[in-house]
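Breakdown of the fold
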Amino acid sequence: MKRDHGMAIRAREAGPADAEPAAPGSPARHWGHRLRPDAGVTARLAIAGGRPTRVLELGLHGAVLEAGAQPRPAAGRRSRLAIFVEGQERVVLPAELVEAEEGAREWVLRFVEPTLQAARAVIGIARAAAEPGVVATRLPDPAYHEVIDTPEGVRSALRGLVALEAPARLVEGADRPAPLRLAGAAAGLAGPVLLWRPEGPAFPLSGEGPVTLVVEGYNSLHTMTVEPVDRGPDGVLHTTLPDRIVRTRYRWYRRAAAPEGLRVRFRHPDWDELALDHAVIDVSHFGCGIAGDAVRDVLSPGMFLGEVRLAWKGHELLRAGAWVRNLRPLDDGREIFGLQFAPIGDAASGEFDAWHAFVDDLLSPRVRVGAPWSEEAWELFDASGYFNLSGRSTKDFARLRKAYVEASHKLAQAPRQGIIAAWPVEEGLGGSLTLLRVYPRTWMACQLAKRPSSEIPGVHGGMVIRDIAFRVYEHAMKSPDLRWLLAYIHEGPRFTRVIHHDFPLRFIDRGEAHVQKVHAVQVSSRFRAARPGRGVEIGLANPDEMRRIGRLLERIRVPAYREALSLDPEDLDLADYLAEVQGDGLVRGRVFFVLRRQGRARSFAIAEVGEEGLHLFGLLDGVRIFGFHGRPPREEVELLLEAAADWYQVFDKQRFILFDEDELCDPDWSAHLVDLGRADLVLLSAKRLPELMEKLCEVTAPRRLLSEGGGSGGPGGAAGRSDERG
């Protein structure tokens, strides 16, 4: 019988691109399995005259029937429902009409306490008659759908897939679906060829024509049609390159193969006598896949399982609520059920910490996080040339070495505020990357450094960058508040430009990216205005001025900019965020200085401060200046900079950055101003993080892969056209 779980399952947004699961006990509009039109499954509902009608959807908890021209029963009525397959009665059970609006083409019925035998019969019918492929409850439109049809885009996508040694399935052109792996690429007589290695027994092709494959990328499915060229003695299939690739993504979190022995245990939510214990096939930060038998286990998409427990080597790793989100058939007749987890009770998300650490090690086994490598990271910054960016040198950063080490240790104890990922090698570190939560909903990548590839034997430099980037971004993806990625980009390394500037440009028209031109000027905290202000007063903004500031920014800056930098009217003071960061032991602050003439506000500066050493180029210590009535004059800019300089001295800051977005300042004004050059402040919606990761796979792949004529070459340009929905 149905159990009362007696637990509070706290809803959690799985990610900007994911759909929410149904709440426990809520009626689902769809019942899991959409049936093939030719399946021959019909039903007779007694209160509708007992006439046969086609079953459109069928699952453990109910069915959707084609209404046809039959009389409309009243919603809420119960009746005897008989289900037939090819005219043969297979199961009879009571059902309640949930939806039956006048003129509706479908009726939705909920089964009323079916017996275990009836439930298994229903699942058996549904599984045999379901449309092929992945079955999911209320499957949303793809979070991302893209058609790649340019030669450059196709080669670029394939480079990323080859670098990942991506798993694939041969779905058309063989006698049966077959698992493969994209093992590499080679130069053939007529051009580059792809090499596909069978993952199971050899499979026979059904003919001489093309074959269709579905290839798993970072987090997307790539469907492509290719022509077989040859079959090697080891069974490796050689094919041409496709002319087009269709990339589709439903998932938010990447998955990793589960280690042997990882089990999930739970009692069936409707039949307490069913104690289920299954091997876990793959894992993600908020879900897993388990192998089972839908009929024997009586599991169906959309089902809320209640509490599940995951254990490995005798240790419980996670206790969580779980939903069955989808299922897909296996070649041996079983299914893989995709589970989505949610926290239980009122505890903080710390209950997932052990699980997340476990999954992190599976996803990024060569990457380490924390502070033990802060001294090695400093040596890496020197060896990689990071200290030479923007005309600087190693000696310019010497004073920050101790602060960097201390800040790294603080950050290691405050993972919700950022992460430093490192790739250890015998000589120290092969690479390092930092990701900081710089505003409540915004994270910024910085301090990417990689040892020259010649110093890391046997490891391609792109692999180092790819793996540490995966690690830091997947850390941010666990934050329920994540909405934006921020980067300051100038002419520099190709990788940084392509990933953090060129890629986001594709999403500007959708409001999912923004580029703001910035002139960066370094200001000494000893700065003094050249002219004294007559009749001028500078002080902190009062409540009325804060409201004016909020209204002005709404007029002159786009929504993406305001949301990402927390400059919407309701976000200006950052009170909750600042209290959280400071509670984690890190310095972070924001003030608004207003310049008034004869008591009337004329211009203002937004000044922010961060932990010393956390960002070595000081981008957490920045000022933005605006005028209430247009461009502020030089005198006002200087006086606001002087007020900001005094404020930074309180934090023992020797310098700060003016983010001059409106060409207000000339560095020649003072010896205390240093021109750092022009850059782009680039914002990208976190909805596009999985797509950013796919692009990262392409850009970091070895350049020699799939180059024209088999020689070396770049990864090519952007994809063809896209139809993104999310």
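Quick caveat: nothing in here was measured; it's all calculated off a predicted structure. (Residues numbered from 1 in each chain as written. Predicted model: local features only at pLDDT ≥ 70, side-chain atom pairs only at ≥ 80, totals over all residues. Heavy atoms only, no water.)

Thoughts on the overall build of the chain
Note the threshold: For the purposes of this entry, the term helix denotes a DSSP run of H or I that reaches at least four residues, the term strand denotes a run of E that reaches at least two, and both are numbered from the N terminus. Contact criterion: two residues are considered in contact whenever any of their non-hydrogen atoms come within 4.5 Å of each other. Residue exposure ignores everything except the shown protein chains as possible cover, and the areas themselves are Shrake-Rupley values with a 1.4 Å probe.
Tallying secondary structure elements over the chain gives 13 helices and 37 strands in all. Of the contacts made within the chain by residues no fewer than 6 positions apart, 70% connect residues no fewer than 24 positions apart. Surface summary for the chain: the accessible area is close to 31000 Å², and the carbon and sulfur share equals 49%.

Side note on the packing of aromatic side chains
Each pair of aromatic rings is reported with the distance of its centres and the angle of its planes. As a reminder, the rule being used: Between rings of Phe, Tyr and Trp, where Trp is taken as its six-membered ring, a pair exists when centres lie within 6.5 Å; planes separated by under 30 degrees are stacked, by over 60 edge-to-face, and by other angles tilted. The buried label applies to any residue whose accessible area, calculated with a 1.4 Å probe on protein chains only, is under 20% of its type's maximum; exposed applies above 50%, and partly exposed to all values in between.
For the structure shown, the criterion picks out 27 aromatic pairs. Seen from their ring centres, Phe-387 and Phe-397 are 4.7 Å apart, and the 25° between their planes marks the pair as stacked. Placement of Phe-387 in the loop between helix 5 (374-384) and helix 6 (401-412) and of Phe-397 in the loop between helix 5 and helix 6 is noted, with a sequence separation of 10 residues between them. An angle of 25° between the planes, with centres 5.4 Å apart, marks the rings of Phe-604 and Phe-626 as stacked. Of this pair, Phe-604 sits in strand 33 (residues 600-610) while Phe-626 sits in strand 34 (residues 622-627), placing them 22 residues apart in sequence. Each member of the pair, Phe-604 together with Phe-626, is buried. Here the aromatic residues Trp-378, Phe-381, Tyr-386, Phe-387, Phe-397, Tyr-404 and Phe-617 are joined through ring pairs into a cluster of three or more.

Here's the deal with the sheet that holds strand 36 (residues 673-685)
As a reminder of what qualifies: A pair of strands is treated as paired once DSSP finds two or more bridges between them. Fitted lines through C-alpha atoms serve as axes, helices being fitted only where they are in contact, and the angles separating the N-to-C directions of these axes extend from 0 to 180 degrees.
If you trace the 12 strands from one edge of the open sheet to the other, you get 25-26-27-28-29-36-30-35-34-33-32-31, paired in mixed fashion. Two strands in the sheet have a free side with no partner beyond their single neighbour: strand 25 (368-369) and strand 31 (536-540). Pairing geometry for strand 27 (residues 428-439) and strand 28 (residues 442-450), over 7 bridges, is antiparallel. Paired with Tyr-439 across the strands is Thr-442, a residue of strand 28. Set on the sheet, helix 11 (residues 575-583) makes contact with strand 27 and strand 32 (588-597); between it and strand 32 the angle comes to about 135°.

Observations regarding the pattern of salt bridges
Defined as follows: Salt bridges are defined by distance alone: a side-chain nitrogen of Lys or Arg within 4 Å of a carboxyl oxygen of Asp or Glu.
By the definition in use, this model includes 56 salt bridges. With a shortest N-O distance of 3.2 Å, Glu-512 and Arg-510 are connected by a salt bridge. Ionic pairing is found between Arg-557 and Asp-662, a salt bridge with its closest N-O pair at 3.3 Å. One end of the pair, Arg-557, is in the loop between helix 9 (543-556) and helix 10 (559-564); the other, Asp-662, is in the loop between strand 35 (655-660) and strand 36, with 105 residues separating them in the sequence. Given a relative accessible area of 9%, Arg-557 falls into the buried group. Residue classification places Asp-662 among the partly exposed positions, given a relative accessible area of 33%.

Describing the confidence of the model for the chain
Put simply, the rule reads: By definition, pLDDT measures how confident the predictor is in each residue, and it falls between 0 and 100.
Per-residue confidence for the chain gives a mean pLDDT of 84, with 86% of residues at or over 70. Ranking the elements of the chain by mean pLDDT puts strand 37 (residues 721-722) last, at 32, and strand 34 first, at 98. Scored below 50 in pLDDT, residues 16-30 makes 31 contacts in the model with residues more than four places away or belonging to other chains.

A look at the packing of helix 7 (residues 461-477) against helix 13 (residues 689-700)
Between two packed helices, both the angle of their axes relative to each other and the distance between the axes serve to describe the pair. Quick reminder of the rule: Angle categories: roughly parallel below 35 degrees, roughly antiparallel above 145, roughly perpendicular from 65 to 115, and oblique for all the rest. By the convention adopted, Pro, Cys, Tyr, Trp, Phe, Met, Ile, Leu, Val and Ala count as nonpolar, Lys, Arg, Asp and Glu as charged, and the other residues, Gly among them, as polar.
In contact at an axis separation of 9 Å, helix 7 and helix 13 are set at 170° when each is read in the N-to-C sense. Taken together, the axes of helix 7 and helix 13 lie roughly antiparallel to each other. Residues Gly-462, Met-463, Ile-465, Arg-466, Ala-469, Phe-470, Tyr-473, Glu-474 and Met-477 of helix 7 form the contact with helix 13, whose participating residues are Leu-689, Pro-690, Leu-692, Met-693, Leu-696, Cys-697 and Thr-700. Its residues placed into classes, the contact of helix 7 with helix 13 shows 12 nonpolar, 2 polar and 2 charged.

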